[in-house]
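# Tertiary structure, described
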Amino acid sequence: MCLAVPAKIVEISGDLAKVDFGSGVLREVNIMLLEEAKKGDYVLVHAGYAIQLLNEEEAEETLRLWKEFLEKVEIVGVDEEEEHEN
Amino acid sequence: MFPNASRFRDPKLTEKITRHIKRLAPSYTIKICHVCGTHEWTITHFGLRSLLPQNVDVIAGPGCPVCVIPAAEIDAAVKLALEGVTITCFGDVLRVPGSELSLMDAKARGGDVRVVYGVGNAVRMAKQETNREFVFFAIGFETTAPSTAVEILKKPPSNLSFLITHRLIPPAMELLLGIGDLQIDGFIAPGHVSTIIGTEPYRIFPEAYGMPTVIAGFEPLDVLFAVSMILQQLKEGKPKLENEYKRAVTAEGNVKAQKLMQQAFKTVAAEWRGLGRLPDSGLALREEYEKYDAKKRYDIRTEKARDLLPGCQCHLIMIGKIKPDQCSLFMKECAPESPKGPCMVSVEGTCRIWAKHSGRG
């Protein structure tokens, strides 16, 4: 029920948008819950309504920070990392 | 497909974060609670519990919206269906037991019960079949309630009304903290509810209850990082609110959706199946939209209902007090093909997920 699936907006027509769930699976969804949505945006779709925009830059940043963090703790370990930070 | 979705399942990063969790884990038992059926699915489907140290326990709270619908609401929908009203509902709701009958039973007895993908389908059907009366069974948490609000505010056709059973997640999390012997050490907060409500409604948990709280997404790495962030907070003794799911959740959430919900609904005390009545945990239509309230339109009185069949332990499973395999009915009298309780019906129910994946994951 709280499942929300990422999709890309390929066409907008008023309150509705045609979105691509991947592999060419297209579906019409309601975009009235979004302040602004434009062609090419990625959105989370829940029960036929786009509920939020997905931020590609934040996704990249999260992955970058995770990699950086894990590389650091692999080298210095947990306690040493704290000392290092302090 | 979101371009980097698969990278949130990266095996190398998974291996490293798992090692880090093992290094962070204390010697005593830690209980981390999530409150989302989709998180339970991720954890079980990807076998994440097997990657965690044995003393880091992840339990499932009341995060299955279908499971928490009180039997009285199912009874109301069944009654309407048998009286000739067309009930439209999500597929998951069909087999949820009422006191005596489910909506599937009502359908078998000639009731017109139709599965829809969302409330928009119900509106379209009502517009097309003006000679029939329609009711949309509006269930779900903050993720789903905005879509109901959209259609209510757009003035739906006069032959459509709504059985509003929306529930709110933060009050349910607060309930868990009041259960003395549950002893939760941290919360994984639900990512998709949070896309709507933002981060602030959870601030009470670290600040008033000293509870580490991390909002998390639904890929395996999202959940594992949330676990490591909670363990780090516990290690430092500094509970705080963190947002791991920044690609979808902002501090303010979806402000437009919140405004639409506030226009259509007021917050009320509400019943949760097997858990009782929780203050400020449900939504009801505001006075100006009461003409769309199915309970008022058809003068439905909430009668005494039976939430749990004898032996069913869904009320304990929904608060994480016991695991599905600790219920004596699990995979014996109660199985996906013959569910006795709501937790075995919904694809987001903990019992159903464990049944499908043959265990804890």
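Bear in mind the structure is a predicted one, so any value in this text is a computation, not a measurement.

### Structural notes on the sheet that holds strand β1 (residues 30-34) of chain B
Residues and elements named next belong to chain B. Strand order across the open sheet formed by 5 strands is β2-β1-β7-β8-β9, with parallel pairing between neighbours. Unpaired on one side and paired on the other, β2 (56-60) and β9 (241-243) mark the two borders of the sheet. Averaged over all adjacent pairs, the angle separating strand axes in this sheet is 20 degrees, with direction ignored. Here 4 bridges tie strand β7 (residues 186-190) to strand β8 (residues 213-216), and the two strands are oriented parallel to one another. Within β8, the residue paired with P190 across the bridge is A216. Along the sheet, helix α8 (residues 169-177) makes contact with β1 and β7, crossing β7 at roughly 165 degrees. Running over the sheet, helix α11 (residues 220-236) touches β1, β2, β7, β8 and β9 and is turned about 170 degrees from β8.

### As for the domain arrangement of chain B
Residues and elements named next belong to chain B. For chain B, the domain assignment lists domain 1 (5-65 + 171-243), domain 2 (71-169 + 253-297) and domain 3 (314-356). Computed from C-alpha coordinates alone, the two centres of domain 2 and domain 3 are separated by 24 Å. Tallying the contact residues gives 7 residues for domain 2 and 14 residues for domain 3. Summed over both partners, the interface of domain 2 with domain 3 buries about 750 Å², with 62% contributed by carbon and sulfur atoms. By the criterion of area lost to domain 3, the three top residues of domain 2 are D92, R95 and L275, representing 62% of everything that side buries. In this structure, the connection of domain 2 to domain 3 is made through 0 salt bridges.

### Quick look at the state of the cysteines
Working definition: the covalent bond between the sulfur atoms of two cysteines is a disulfide. Residues and elements named next belong to chain B. Enumeration over the complete set of coordinates arrives at 1 disulfide over all chains. One disulfide bridge connects C64 with C67, the sulfur atoms lying 2.2 Å from each other. The sign of the 75 degrees torsion about the S-S bond sets the C64-C67 disulfide as right-handed. The exposure class of C67 is buried, given its relative accessible area of 1%. Not part of a disulfide, C312 finds its nearest cysteine sulfur in C314, a span of 3.7 Å. Look at C312 and you get buried, because its relative accessible area is 9%.

### Looking at the side chain of S194(B)
With respect to the helices, strands and loops of the structure, S194(B) is situated in helix α9 (residues 191-197). Excluding anything up to four places from it in sequence, S194(B) contacts Y202(B), I215(B), V249(B) and G253(B).

### Examining the interface of chain B and chain A
Taken together, the 53 residues of chain B in the interface contact 42 residues of chain A. In total, about 4,300 Å² of surface goes out of reach between chain B and chain A, with carbon and sulfur atoms giving 64% of it. It is F2(B), Y117(B) and K256(B) in chain B that bury the most area against chain A; as a group they hold 16% of the surface buried on that side. Taken together, chain B and chain A are joined by 2 salt bridges. Seen at the junction of chain B and chain A, the total is 10 residue pairs in polar contact (both at pLDDT 80 or more). Those elements that provide at least two residues to the side of chain B that touches chain A are α1 (11-24), α6 (119-128), β5 (134-140), α7 (145-153), α9, α11 and α12 (255-264) of chain B. No other element matches α1(B), which puts 7 residues into the side of chain B that touches chain A.

Scoring rules and cut-offs
- Residues numbered from 1 in each chain as written.
- Chains lettered and ligands numbered in written order.
- Predicted model: local features only at pLDDT ≥ 70, side-chain atom pairs only at ≥ 80, totals over all residues.
- Heavy atoms only, no water.
- Pairing = 2+ DSSP bridges.
- Helix = DSSP H or I, 4+ residues; strand = E, 2+ residues; numbered from the N terminus.
- Axes fitted to C-alpha atoms, helices over the stretch in contact; angles between N-to-C directions.
- Contact = heavy atoms within 4.5 Å.
- Domains from an automatic or database assignment.
- Buried area = accessible area lost by both parts, 1.4 Å probe.
- Salt bridge = Lys/Arg side-chain N within 4 Å of Asp/Glu carboxyl O.
- Disulfide = S-S within 2.5 Å.
- Buried < 20%, exposed > 50% of the residue type's maximum accessible area, 1.4 Å probe, protein only.
- Polar contact = N/O pair within 3.5 Å; in protein donor to acceptor, adjacent residues only side chain to side chain.

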